[in-house]
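# Secondary and tertiary structure notes
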Amino acid sequence: MASAAIFSSLRRRRSPSLEAFLAPVDLTEVALVQTLAAVSSELISCFANKVFFFQRKNSRSLIRKMEVFLVMLEYLRDSGSGSIPSLPSTAILCLKELYLLLYRSKILLDYCAQSSKLWLLLQNHSISGHFHDLNQEISTLLDVFPINDVGLGDDVREQVELLQKHSRKAKLYVDKSDENLRLRFFSFLNEFEKGRIPNHVDLKLFFVERVGIRDAKSCRSEIEFLEEQIVNHEGDIEPTACVLNGFVAITRYCRFLLFGFEEDEVKLPFSNQKKPRKGLITREIAHTFISIPKDFCCPISLDLMTNPVIISTGQTYDRSSIVRWMEEGHCTCPKTGQMLNHTRLVPNRALKNLIMQWCTAHNVQYDPVETADGSAESFAEALPIKAATKANRATTALLIQHLANGSQGAQAIAAREIRLLAKTGKKNRAFIAEAGAIPHLRKLLSSLNSVAQENSVTAMLNLSIYDKNKSLIMDEDGCLGSIVEVLRLGLTTEARENAAATLFSLSAVHGYKKRIADEGGAIEALAGLLRVGTPRGKKDAVTALFNLSTHSENCARMIEAGAVTTLVGALGNEGVAEEAAGALALIVRQPIGAEAVGKEEMAVTGLITMMRCGTARGKENAVAALLELCRGGGAAATERVLKAPALAGLLQTLLFTGTKRARRKAASLARVFQRCENASLHFGGLGVGYAFAGNSTTSNRDSRFADDVSMPMSISVQVL
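- In the annotation of an unreviewed UniProt entry, the protein chain is listed under the name RING-type E3 ubiquitin transferase and assigned to Hibiscus trionum.
- Recorded under Pathway (unreviewed entry), the UniProt text for the protein chain is reproduced unchanged: "Protein modification; protein ubiquitination."

Okay, structure coming up:
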């Protein structure tokens, strides 16, 4: 069997089902031989004429070995007109082992035939090692196989014995020309690392002539494959994630330097969905043997955790994955969506010990590289290396040049690539803006090309995540108006949704909230998207409206634009109800806001429903809104609240099970009822109990201001 290293973790991509790789246990000798012959024949027909760009000698050698096995199996199958003589038990066991070897050989050959060329080059030593491992297992199998006891013909036996002899002598083979190419690729990385851009002729010779990447489409496929390896990267795999970032950046630069901006690419639909890809061949083979307990896998990478750490929300992730998540600008927990109170990572030593015990019990290699601070990798390793930054800067210069002077198709492609560059890392977002991308992206917002418009507004969204870029966007003449125009009349649904998300991102700065609200049509468009948008569009719209609601001077504008009515209606939508209740709780703090919400017939019903069925934060927002509605919404609104069915029971429940803020609000609302004669009659004195459960020594005025704390929301901007 293969070495234990192949089991270190599993890849996200699905492999063929486990049952396909289990040795058959219920087949007769005849059926077993027939099955093996069919599998061998299929394998050879698939790969005999396949062109292998790398690992040529190893691949051909493995196929020739399979051909010898096929000759032996066909002889056994056809001897005696299909009546196979009784085979020794040792031979049966070897044939079942051969069944596994054939399928693993198929995986390896398929991997070499279809994987990224650059990735095969980078994994040259590792993949050569897998071919050698298979050869060693073939040698072991033939040493055990009773060649003289299965009735083989002389010529067939001679071929099998010759294969046995060659397998014993075979050594690890690493193709020298492939290895030289790999080293050449690293030399380009070294040049960028030193601040020098490699020669155009040298880059063309390597990528086009030697590696065979001859057009923009194949170059883009190489980039996507390498990016997936970064996402699914293991701490003990070479090259490291930061080095892979450098290779991705170099390849992206060469994609535009060597192949230009092919305008037919703009016709291709752009999607965030990843195509099914192959990961490390070790993970492909591992799927055929073992299943890792779910609790031992990182929620981000779905791989076995080598260095589990706990974040502020109490969730556990592999250190390399969560560090990469944070470096991409995220400030929320990937699993729960909660805001992170801090970015400290606490080692989960208990879980790590359990993983180590499990690995020992299942003969799985588990050897994380420890640093001085006890972590599996240093924080610096997760950061892009200097070469990646230098290459990305060079790429950005090419992209902005075409944004400014290129054709319509070239501009659309350039906007898409800037969108992708701005998707990860604050360094990328910073130097893209510094290079002057924002004015050119602003012009594309009004493009009649739907692809150009969608990618430009999404690039603007990704850039806005970096706080220093927010002022550059807001200060760019006409940029805010153009974003709002895309929100109102964007050519695609995604463009309109991302425009809303951009407004939410910009509104994180308090000083910009009034400007955004005052921009003509902004709130109306957000309200419209909240009414009729997709689930994701509604989420983008309601979070933006919530942010705008936190500025007291926006209340009148929200009412005028019809946002209050829309937010009340959104209380019935589970996906956005929590944020809608939060926005209403802010709006009703203003007298005109309380009056406006009080006039909405469904407001009280919606808030009561939220108290009954909402999330903990939703219930908190709902009771806060009802309290302010009673204080400032007028007699009619107060009466509707007092007469709401089941409110007493809901308040009682909140007092015992709600959040700290929800309990304060519930107690304050009970005190309001206590002072109303009708409320006392209706609730039969329960208000006294509420007052006691709250803080009865606090004056009404003090209580109100104590409750008026900011409401933290678990909202973050998603890079797209």
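## A word on unusual backbone geometry
- Notably, glutamine 55 is not glycine yet its phi reads approximately 60°, a positive angle.
- Its location among the elements puts glutamine 55 in the loop between α1 (29-47) and α2 (56-78).
- Using a relative accessible area of 5% as the deciding quantity, one classes glutamine 55 as buried.

## Digging into the packing of aromatic side chains
- Enumeration according to the criterion identifies eleven aromatic pairs in this entry.
- Between tryptophan 119 and phenylalanine 225, the aromatic rings sit 6.4 Å apart at their centres with planes inclined by 45°, giving tilted as the arrangement. Taken as a pair, tryptophan 119 in helix α4 (residues 117-122) and phenylalanine 225 in helix α9 (residues 216-231) lie far apart in primary sequence, 106 residues in all. Like tryptophan 119, the residue phenylalanine 225 is buried in the burial classification.
- A connected cluster of aromatic rings, assembled from ring pairs, spans Phe185, Phe186, Phe188, Phe206, Phe207 and Phe247.

## A short note on the environment of arginine 344
- Structurally, the position occupied by arginine 344 is in the loop between α12 (319-327) and β3 (346-347).
- Residues arginine 344 and serine 312, 32 residues apart in the sequence, show an inter-C-alpha distance of 7.2 Å.
- Setting aside anything within four residues of it in sequence, one finds arginine 344 in contact with Ile310 and Ile311.

## Observations regarding helix α16 (residues 426-434)
- Looking only at α16, the buried set comprises Asn428, Arg429, Ala430, Phe431, Ile432 and Ala433.
- Buried positions along α16 lie against α14 (386-405), α15 (408-421), α17 (437-444), α18 (450-464) and α19 (467-475).
- Glycine 436 occupies a position one or two residues after α16 and carries a positive phi of about 95°.

## Details of helix α26 (residues 563-570)
- Of all eight residues making up α26, six are buried, and the element is well covered by its neighbours.
- Here the buried face of α26 lies against α23 (522-532), α24 (535-549), α25 (555-560), α27 (577-587), α28 (591-598) and α29 (603-613).

## Examining the side chain of glutamine 411
- Tracing the chain through its elements places glutamine 411 in helix α15.
- For glutamine 411, a relative accessible area of 17% gives the class buried.
- Leaving out residues up to four positions away in the same chain, glutamine 411 has contacts with His402, Leu403, Ala404, Gly406 and Leu444.

## With respect to the sheet that holds strand β2 (residues 316-318)
- Ordered by their spatial adjacency, three strands build an open sheet running β2-β1-β3, and the pairing between neighbours is antiparallel. Among the strands making up the open sheet, the edge pair consists of β2 and β3.
- With three bridges joining them, strand β1 (residues 308-310) and β2 adopt antiparallel strand pairing. Looking at β2, one finds that valine 309 is bridged to tyrosine 317.

## Section: the pattern of salt bridges
- Summed over the entire model, instances satisfying the criterion amount to 23 salt bridges.
- Residue glutamate 524 is joined to arginine 557 by a salt bridge in which the shortest nitrogen-to-oxygen separation is 2.9 Å. Note that glutamate 524 is positioned in helix α23 and arginine 557 in helix α25, a separation of 33 residues in sequence.

## What to know about the environment of alanine 435
- The residue alanine 435 is located in the loop between α16 and α17 in this model.
- Along the primary structure alanine 435 and alanine 397 are separated by 38 residues, whereas in three dimensions their C-alpha atoms are 7.2 Å apart.

The rules behind the values
- Residues numbered from 1 in each chain as written.
- Predicted model: local features only at pLDDT ≥ 70, side-chain atom pairs only at ≥ 80, totals over all residues.
- Heavy atoms only, no water.
- UniProt positions renumbered as here; feature names shortened; annotations may be inferred.
- Helix = DSSP H or I, 4+ residues; strand = E, 2+ residues; numbered from the N terminus.
- Buried < 20%, exposed > 50% of the residue type's maximum accessible area, 1.4 Å probe, protein only.
- Phe/Tyr/Trp six-rings, centres within 6.5 Å; stacked < 30°, edge-to-face > 60°.
- Contact = heavy atoms within 4.5 Å.
- Pairing = 2+ DSSP bridges.
- Salt bridge = Lys/Arg side-chain N within 4 Å of Asp/Glu carboxyl O.

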